[in-house]
Amino acid sequence: MSALLRAGCAGMLVAGCAAQAGSVSVVGKETLTIGVKDDQPGLGVARDGEFRGFEVDVGRYVAHRLGAEKVVFRAVTSDNRERLLGVGAVDLVLASYSITAERATRVSFAGPYYIAHQDIMVRSGDQRIRDVRDLAGRRMCQAAGSVSSERVTAGLGVRATLVPAATYSACFDGLLAGRIDAISTGDLVLAGFASEARGRVRIVNAPFTDEPYGVGMRKGDIDGCEAVNRAITDMYQDGTAGRLLHRWFGATGLHLTTTVPQFEGCL
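Read on for a plain summary of the structure. As the structure is a computational prediction, the values presented were derived from the model and not from experiment. (Residues numbered from 1 in each chain as written. Predicted model: local features only at pLDDT ≥ 70, side-chain atom pairs only at ≥ 80, totals over all residues. Heavy atoms only, no water.)

Some words on unusual backbone geometry
For step 1, the next point in the chain: Proline 112 follows glycine 111 through a cis peptide bond whose omega is 20°.
For step 2, the next point in the chain: You can see proline 112 is positioned in strand 7 (residues 107-123).
For step 3, the next point in the chain: One non-glycine residue, aspartate 48, lies in positive phi territory at about 55°.
For step 4, the next point in the chain: Within the element layout of this structure, aspartate 48 appears in the loop between strand 3 (44-47) and strand 4 (50-52).
For step 5, the next point in the chain: Even without glycine at this site, asparagine 205 takes up a positive phi of about 60°. (Helix = DSSP H or I, 4+ residues; strand = E, 2+ residues; numbered from the N terminus.)

Okay, structure coming up:
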């Protein structure tokens, strides 16, 4: 915090001072801390002290385009990513973070950097579930902080039996163990887990929504949002996005889109 800001804070409420301190843009910061998942194969995993995955690589590309000299990655979950943004523990979040109108009241979103499609994953021998309607009466995992299960139950009115779990990694373990019947979320998330399951699971390939994955940042950083959008555009136009998508998901059989997504706009 600058000396001028500290002086101003002497006569202000602490909350107001914190709001001013947290309003600094991500543009031009020497060090950027980026929140990513550490348990989602293909998107973000932490192994041997190193983060790897598509969202990790996208975050690194964006950070350097913003002028950062150093990039630090920190593990986040669907349940805590907004809180960590709000308190300044992370500057950006790339963590299969779907842009929704309700979330956009609390954080600013750049992007999307990819539009995934919500699908369903089941055990490989289960032929009962062929589309989203077949989830009625089935045990479907509900990962904390995710809106994917709500799209099925509240959005489509499908009466699945929700089984709560802390993360999608825990959902995946529950599916393999037979404690749940299905996981429904973005196809990139499912594909990453499927690639490690060695034939024990299958993706139904019956997508029913679009999931625009956005870069989350503290609310009101319009300059940062617009700069991230320029970086994402460059990433697609120079071919980096296509190379990264095929590196991490090319073997999964998913149809991958390698053109610039339509941005949602900075608010």
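Picking up after the structure, the text goes on.
Comments concerning helix 8 (residues 222-237)
For step 1, the next point in the chain: The first and last C-alpha atoms of helix 8 sit 23 Å apart over 16 residues, in line with the 22 Å expected at 1.5 Å per residue.
For step 2, the next point in the chain: Listed as buried for helix 8 are Gly224, Cys225, Ala227, Val228, Asn229, Ala231, Ile232, Thr233, Met235 and Tyr236.
For step 3, the next point in the chain: Next to the buried residues of helix 8 lie helix 3 (54-65), strand 7, strand 12 (209-218) and helix 9 (240-249).
For step 4, the next point in the chain: Two to three positions downstream of the cap, the backbone nitrogen of glycine 224 sits 2.8 Å from a side-chain oxygen, assigning the N-cap of helix 8 to aspartate 221.
For step 5, the next point in the chain: Just downstream of helix 8, glycine 239 is the residue with a positive phi angle, here 90°. (Expected span 1.5 Å × (residues − 1). Buried < 20%, exposed > 50% of the residue type's maximum accessible area, 1.4 Å probe, protein only. Contact = heavy atoms within 4.5 Å. Polar contact = N/O pair within 3.5 Å; in protein donor to acceptor, adjacent residues only side chain to side chain.)

A short note on the sheet that holds strand 4
For step 1, the next point in the chain: With antiparallel pairing, three strands are arranged side by side in an open sheet as 2-3-4. Strands at the two margins of the open sheet, each flanked by one partner only, are strand 2 (39-40) and strand 4.
For step 2, the next point in the chain: With two bridges connecting them, strand 2 and strand 3 associate as antiparallel partners. Pairing of aspartate 39 across the sheet is with valine 45, part of strand 3. (Pairing = 2+ DSSP bridges.)

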